[in-house]
Amino acid sequence: MGGFNSPLFCLLISAQLIQIASAFQFGINYGQIANNLPSPTQVVGLLQSLNVNRVKLYDADPKVLSAFSGTNIEFIIAISNENMSAMTDSTQAQAWLSQHVQPYISGTRITCITVGNEVLTGNNTSYKSSLLPAMQSLYQALTTLGLQNQVNVSTAHSLDILANSYPPSSGSFREDLGSYLQPLLNFHSQINSPFLINAYPFFAYKAHPSSISLPYVLFESNASQTDPNTNLNYDNMLYAQIDAVYAAMKAMGHTDIPVKVSETGWPSKGDEDETGATVENAAAYNGNLLKRVAMNQGTPLKPDVPLDVHVFALFNEDLKPGPTSERNYGLFYPDGTPVYNIGLQGMGTGYGSGSGTYFTSSSLQSSTSKLMISYGVGILVLVAAIFF
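Residues numbered from 1 in each chain as written. Predicted model: local features only at pLDDT ≥ 70, side-chain atom pairs only at ≥ 80, totals over all residues. Heavy atoms only, no water.

- Looking at an unreviewed UniProt entry, one finds the protein named glucan endo-1,3-beta-D-glucosidase and attributed to Rhynchospora tenuis.
- Here is the UniProt Catalytic activity (unreviewed entry) comment for the protein, exactly as written: "Hydrolysis of (1->3)-beta-D-glucosidic linkages in (1->3)-beta-D-glucans." (UniProt positions renumbered as here; feature names shortened; annotations may be inferred.)

Below, the structure is given as structure tokens:
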């Protein structure tokens, strides 16, 4: 073949790496609670440079859905908590789909609609009561349109729905939410839709920094923890959280519903009492997480089910209320420059001279000893030496 330096060798290796990369499922949350964000058209270019193939919105912004037409990027769109009660009416559910889905779905891959966000852990009992009827009504409206196999229906939950999460095999749902969760799980099972969780190991670490290992929550080398009931070994908190949800669902009679992570991330800045909210930790958490995703890794309980995550978030959002951390989860500043580099091979983390540089698949042809494909902002995901 002419040796490692031949154009043919580089072409073949590049093709194989690109094929491997096509299976890399990297989703991201695209929030817009800010007054300084780039246009949706600019965001298209940014996400394509990163090879992000899945995006989650918190609404059904027509400008975003139009801008992403023809990109083949999958979208989760949302109905807000405030609009849930209206969706319990079949006529209004049909009208919502006619306005927010039908005009775009031929060009933009809308694959899921979330009904509300963290509804069951809120204080509004009306929202809780409307959640399942709204999901059922929306699903029926999709069925009427023949879209039920193309677009599924779900809702995202805070992990506060759990009464117990440790050890993972003892995971259980809060007793006061059982009357909502049991029929909801039955519905998920009936329509084959995923159970979505917003999982943040950062919150656990922030609350108990003296008793929770930072390497354990950052996917770094640590002593790990063994579940005494299953003897399964956990080297990070996120996997333990996911498996605790599986255990809680099993306790309610369901082993047939996949758990997907609709939000997870780490803030790069926080208030004085927000221990661990630093650039270094944010880069470590997201970088190590994406490395696990690139490996198609599953949890100890579900090793053959690859992680399915949407990282929070694409941009820092300057108008979000709450502590400083809420405005600093973004991988990017609004001007499109990275908050930090996520280095999986040969890249440092934090701010540096490489900040703002996008590495794309064209770099495959310029290196022979470390052929790699990288996903912008220093997200160096796959190294040829691992596979060849």
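Structure shown, so let's carry the discussion forward.
What to know about the side chain of Glu 274
Thinking step 1. Mapped onto the fold, Glu 274 is located in the loop between strand S11 (259-264) and helix H11 (279-294).
Thinking step 2. Residue class for Glu 274 comes out buried when judged on its relative accessible area of 4%.
Thinking step 3. Only 2.5 Å separates the side chain of Glu 274 from the side chain of Ser 325, close enough to count as a polar contact.
Thinking step 4. Residues within four places of Glu 274 in sequence aside, it is in contact with Phe 202, Lys 206, Pro 323, Thr 324 and Ser 325. (Helix = DSSP H or I, 4+ residues; strand = E, 2+ residues; numbered from the N terminus. Buried < 20%, exposed > 50% of the residue type's maximum accessible area, 1.4 Å probe, protein only. Polar contact = N/O pair within 3.5 Å; in protein donor to acceptor, adjacent residues only side chain to side chain. Contact = heavy atoms within 4.5 Å.)

Quick look at the pairing of S11
Thinking step 1. Most of S11 is tucked away, with 5 of its 6 residues classed as buried.
Thinking step 2. Pairing analysis gives 4 bridges linking strand S8 (residues 195-198) to S11, with the strands arranged parallel. Note that in S11 the partner of Leu 196 across the bridge is Lys 260.
Thinking step 3. In terms of strand pairing, S11 meets strand S12 (residues 309-311) through 2 bridges, oriented parallel. The residue bridging Val 261 from the neighbouring strand is Val 309, located in S12.
Thinking step 4. A crossover links S11 with its parallel partner S12, the connecting element being H11, and its sense is right-handed. (Pairing = 2+ DSSP bridges. Right-handed = clockwise from strand over helix to strand, strands pointing away.)

Structural notes on the packing of helix H5 (residues 90-100) against helix H6 (residues 125-144)
Thinking step 1. With their axes 9 Å apart at the nearest point, H5 and H6 run at an angle of 60° to one another. In terms of axis orientation, H5 runs oblique to H6. The chirality of how H5 crosses H6 is right-handed. Of H6, the residues touching H5 (which contributes Ser 90, Ala 93, Gln 94, Trp 96 and Leu 97) are Ser 137, Leu 138, Ala 141, Leu 142 and Thr 144.
Thinking step 2. Considered class by class, the residues forming the contact of H5 with H6 number 6 nonpolar, 4 polar and no charged. (Axes fitted to C-alpha atoms, helices over the stretch in contact; angles between N-to-C directions. Parallel < 35°, antiparallel > 145°, perpendicular 65-115°, else oblique. Left-handed = near helix turned anticlockwise from the far one by under 90°. Nonpolar A, V, L, I, M, F, W, Y, C, P; charged D, E, K, R; others polar.)

As for the confidence of the model for the protein
Thinking step 1. Considering every residue of the protein, the mean pLDDT works out to 86; 82% of them sit at 70 or more.
Thinking step 2. Scored below 50 in pLDDT, residues 1-23 shows 33 contacts in the model against residues more than four places distant or in partner chains.
Thinking step 3. Predicted confidence for residues 343-388 stays below pLDDT 50, and this span has 112 contacts to residues more than four positions away or in other chains. (pLDDT = per-residue confidence, 0-100.)

A closer look at the environment of Leu 238
Thinking step 1. Its location among the elements puts Leu 238 in helix H10 (residues 237-251).
Thinking step 2. The spacing of Leu 238 and Val 217 is 21 residues in sequence and 7.2 Å in space, taken between C-alpha atoms.
Thinking step 3. Ignoring anything within four residues of it in the chain, the contact list for Leu 238 reads Ala 199, Pro 201, Phe 219, Thr 264, Tyr 285 and Leu 289.

A look at empty space enclosed by the protein
Thinking step 1. The final tally for this structure, using the stated rule, is 2 cavities of 30 Å³ or more.
Thinking step 2. Along the walls of the largest cavity sit Ile 242, Tyr 246, Val 259, Lys 260, Val 261, Gly 298, Thr 299, Lys 302, Val 305, Pro 306, Leu 307 and Asp 308, which together make up its complete lining.
Thinking step 3. Among the secondary structure elements, those contributing two or more residues to the lining of the largest cavity are H10 and S11.
Thinking step 4. Here the element with the most residues in the lining of the largest cavity is S11; it accounts for 3 residues. (1 Å grid on protein atoms, 1.4 Å probe; cavity = no way out; pocket = protein on both sides within 12 Å on 5 of 7 lines; lining within 4 Å. Points joined across faces, edges and corners; volume = space filled by probe spheres on them.)

What to know about the pattern of salt bridges
Thinking step 1. Counting across every chain of the model gives 8 salt bridges.
Thinking step 2. Residue Asp 308 is joined to Arg 54 by a salt bridge in which the shortest nitrogen-to-oxygen separation is 2.6 Å. With Asp 308 in the loop between H11 and S12 and Arg 54 in strand S2 (residues 54-56), this residue pair connects regions lying 254 residues apart in the sequence. Neither residue differs from the other here; Asp 308 and Arg 54 are each classed as buried.
Thinking step 3. Because the salt bridges share partners, they merge into one network encompassing Arg 54, Lys 260 and Asp 308. (Salt bridge = Lys/Arg side-chain N within 4 Å of Asp/Glu carboxyl O.)

A closer look at the packing of H6 against helix H7 (residues 178-191)
Thinking step 1. Two numbers describe how H6 lies on H7: the axes approach to 10 Å, and their chain directions differ by 15°. If you check the angle between H6 and H7, you find them roughly parallel. Of the two possible hands of crossing, H6 and H7 adopt the one that is left-handed. Between H6, through Lys 128, Ser 129, Leu 131, Leu 132, Met 135, Gln 136 and Tyr 139, and H7, the contact on the second element is made entirely by Tyr 180, Pro 183, Leu 184, Phe 187, His 188 and Ile 191.
Thinking step 2. Residue classes in the contact of H6 with H7 are distributed as 9 nonpolar, 3 polar and 1 charged.

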